[in-house]
Amino acid sequence: MAKAEPPAPSKAVKQDDSGKYVDAKGDPTFNVKPDGAVDWYTYSGFRRYHSECHVCHGPDGEGSTYAPALKESVKGINYAEFYGIVVGGRQNLSGGENKVMPALGDNKNVMCYVDDIYVYLRARSGDSIPRGRPASHEEKSPKATEAEHACLGDQN
Ligand code: HEC
């Protein structure tokens with residue numbers, strides 16, 4: 001398999017009207033204000049990561065004996081690869097190990113927040129934010145709320 005392009009540096013170059021920051025390649029990334037406040041998606045990603053990924057990947061993206069430290073993984077795999085693994089899952093059968101990354105593409109509680117989780121993990125990689133719940137964060141934008149409802153398919 002050809003080696004995919006590595007991700008761009010995680011530095012944010014701009015913020016879109018949903019409050020999401022992007023890197024030089026246009027992929028989602030985090031932003032931390034001088035006072036330590038994180039962007040909305042980093043905060044949301046913290047919550048979603050700990051409800052959907054933590055059980056296998058350990059707290060704060062640090063990894064476990066079962067599954068890799070995703071704060072390290074996102075240094076090497078780009079956004080498209082990350083997305084693809086979350087949607088389709090992966091199974092490592094080498095060395096007699098039977099470790100399974102489940103395919104989560106049908107799970108809206110994951111897929112509606114996949115950018116949030118990715119952004120959070122980028123913030124954890126390189127320890128741009130400490131372990132634990134971010135102490136303060138930017139407000140959620142009306143566009144982010146709209147996109148979330150559209151994705152979840154709520155009527156409200
Ligand atoms: C049931 C346990 C389980 C859950 C839940 C889980 N994973 Fe995984 N994940 C794994 C295992 C095990 C691997 C390693 C698979 C392999 O080696 O092929 C893995 C691998 C990955 C990888 C590839 C990492 C690398 O370094 O190559 C990514 C990315 C990933 N998971 C993202 C996620 C995200 C995001 C979530 C939450 C939305 C999640 N996983 C939830 C078990 C899990």
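Predicted, not measured: the structure shown is a model, and the values here were computed from it. (Residues numbered from 1 in each chain as written. Predicted model: local features only at pLDDT ≥ 70, side-chain atom pairs only at ≥ 80, totals over all residues. Heavy atoms only, no water.)

### What about the packing of helix 4 (residues 79-88) against helix 6 (residues 114-124)?
Contact geometry for helix 4 and helix 6: axes closest at 11 Å, N-to-C directions at 125°. Regarding the angle of helix 4 to helix 6, the classification is oblique. The handedness of the crossing between helix 4 and helix 6 comes out as right-handed. When helix 4 is examined against helix 6, the residues Tyr-79, Phe-82, Tyr-83 and Val-86 are found in contact with a partner set consisting of Val-114, Asp-115, Ile-117, Tyr-118 and Leu-121. Here the residues of the contact of helix 4 with helix 6 are counted per class, giving 8 nonpolar, no polar and 1 charged. (Axes fitted to C-alpha atoms, helices over the stretch in contact; angles between N-to-C directions. Helix = DSSP H or I, 4+ residues; strand = E, 2+ residues; numbered from the N terminus. Parallel < 35°, antiparallel > 145°, perpendicular 65-115°, else oblique. Left-handed = near helix turned anticlockwise from the far one by under 90°. Contact = heavy atoms within 4.5 Å. Nonpolar A, V, L, I, M, F, W, Y, C, P; charged D, E, K, R; others polar.)

### Comments concerning the packing of aromatic side chains
Per the counting criterion, the structure on display carries 6 aromatic pairs. Between the aromatic rings of Trp-40 and Tyr-43, the centroid separation amounts to 5.8 Å while the plane-to-plane angle is 55°, which identifies the pairing as tilted. Of the two residues, Trp-40 and Tyr-43 are both situated in helix 1 (residues 40-52); the distance of 3 residues between them amounts to about one turn of the helix. Trp-40 sits in the buried class, given a relative accessible area of 13%. Tyr-43 sits in the buried class, given a relative accessible area of 11%. Seen in terms of ring centroids, Tyr-79 and Tyr-83 are 6.2 Å apart; in terms of plane orientation they differ by 55°. Their pairing is tilted. (Phe/Tyr/Trp six-rings, centres within 6.5 Å; stacked < 30°, edge-to-face > 60°. Buried < 20%, exposed > 50% of the residue type's maximum accessible area, 1.4 Å probe, protein only.)

### Remarks on the pattern of salt bridges
On inspection of all chains with the given rule, the structure shows 13 salt bridges. As a salt-bridge pair, Lys-25 and Glu-5 come within 2.9 Å of each other at their nearest N and O atoms. One end of the pair, Lys-25, is in the loop between strand 2 (21-22) and strand 3 (28-29); the other, Glu-5, is in the segment before strand 1 (14-15), and 20 residues separate them in sequence. Between Glu-148 and Lys-140 there is a salt bridge; the shortest N-O distance is 2.3 Å. A relative accessible area of 28% places Lys-140 in the partly exposed class. Each of the salt bridges in this network shares a partner with another, and the network as a whole consists of Glu-62, Lys-71, Arg-124 and Asp-127. (Salt bridge = Lys/Arg side-chain N within 4 Å of Asp/Glu carboxyl O.)

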